[in-house]
Amino acid sequence: MNRPGRDDTPDRLYTLTGGRSKPDSDSFDLVTLVVSECAPTQGMQSEHVAILDMCRAPTAVVEIAAELRIPVGIATILLSDLLHAGKITVRHPNVGLDPDAPWNSVPDSTTLEKVLVGLRNL
């Protein structure tokens, strides 16, 4: 079975990133939301065009990688390029939340473990 992105030749991924293995920015994690700040321009790399089209509405990094069928690490390198060019903005979903509001707080690890156990028991 051939899985797009996972079974791509390393040459293709090397070409997409210009040989880089890490993004130039620490701004990205799996749930970072990305929003396009401009339309694609002529001559842009096809993956950059796809990202700008996809991110007209806030889109998570993991969704971008899945849609492009590339590893998340490769997607973050491409996103870093667009961020440095000023073509996208990024924000984390928890930015601006009131830390004193209990419904906005991040649950502790024991609560998450209990939820996981409950889901496995279903």
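Residues numbered from 1 in each chain as written. Predicted model: local features only at pLDDT ≥ 70, side-chain atom pairs only at ≥ 80, totals over all residues. Heavy atoms only, no water.

Enquirer: How should I be thinking about the overall build of the protein chain in this particular structure?
Expert: From N to C terminus, the protein chain includes five helices and three strands. When burial is assessed residue by residue, the protein chain has 28% of its 122 residues classed as buried. Contacts in the protein chain between residues far apart in sequence, at least 24 positions, make up 69% of those at least 6 positions apart. Here the protein chain has roughly 8,200 Å² of accessible surface; of this, 55% comes from carbon and sulfur atoms. (Helix = DSSP H or I, 4+ residues; strand = E, 2+ residues; numbered from the N terminus. Buried < 20%, exposed > 50% of the residue type's maximum accessible area, 1.4 Å probe, protein only. Contact = heavy atoms within 4.5 Å. Areas by Shrake-Rupley, 256 points an atom, 1.4 Å probe, with all protein chains shown as cover.)

Enquirer: How do you make sense of the sheet that holds strand S3 (residues 88-91) when you look at a structure like this?
Expert: The pairing of strands in a sheet comes from backbone hydrogen bonds and takes either a parallel or an antiparallel form. Taken together, three strands build an open sheet; the order of strands is S2-S1-S3 and the sheet is antiparallel. Only two strands of the sheet have a single partner each, and these edge strands are strand S2 (59-60) and S3. Strand direction decides the pairing type here: strand S1 (residues 33-36) and S2, joined by two bridges, are antiparallel. What sits directly across from leucine 33, in S2, is alanine 60. (Pairing = 2+ DSSP bridges.)

Enquirer: Would you explain the packing of helix H2 (residues 46-54) against helix H3 (residues 61-68) in this entry?
Expert: When two helices pack together, their arrangement is given by the angle between the helix axes and by the axis-to-axis distance. Closest axis-to-axis distance for the H2/H3 pair is 11 Å, and the angle between their directions is 130 degrees. The angle between the axes of H2 and H3 places the two elements in the oblique class. Between H2 and H3 the crossing geometry is right-handed. Residues Glu47, Ala50, Ile51 and Met54 of H2 form the contact with H3, whose own contacting residues are Glu63, Ile64, Glu67 and Leu68. Partitioned by chemical class, the residues of the contact of H2 with H3 number five nonpolar, no polar and three charged. (Axes fitted to C-alpha atoms, helices over the stretch in contact; angles between N-to-C directions. Parallel < 35°, antiparallel > 145°, perpendicular 65-115°, else oblique. Left-handed = near helix turned anticlockwise from the far one by under 90°. Nonpolar A, V, L, I, M, F, W, Y, C, P; charged D, E, K, R; others polar.)

Enquirer: Where do I start with unusual backbone geometry in this structure?
Expert: With the exception of glycine, most residues fall at negative phi, and the peptide bonds are largely trans. Phi angles above zero are rare outside glycine, and arginine 69 is one such case at about 60 degrees. With respect to the element layout, arginine 69 can be found in the loop between H3 and helix H4 (72-84).

Enquirer: Can you help me understand the packing of H2 against H4 in this one?
Expert: Here H2 crosses H4 at 75 degrees, and the two axes come no closer than 10 Å. Between H2 and H4, the crossing angle belongs to the class labelled roughly perpendicular. Side by side, H2 and H4 meet where Glu47, His48, Ile51 and Leu52 of the first sit next to Leu78, Leu79, Asp81 and Leu82 of the second. Tallied by class, residues from the contact of H2 with H4 come to five nonpolar, one polar and two charged.

Functional significance is not addressed by these values, which are geometric in nature.
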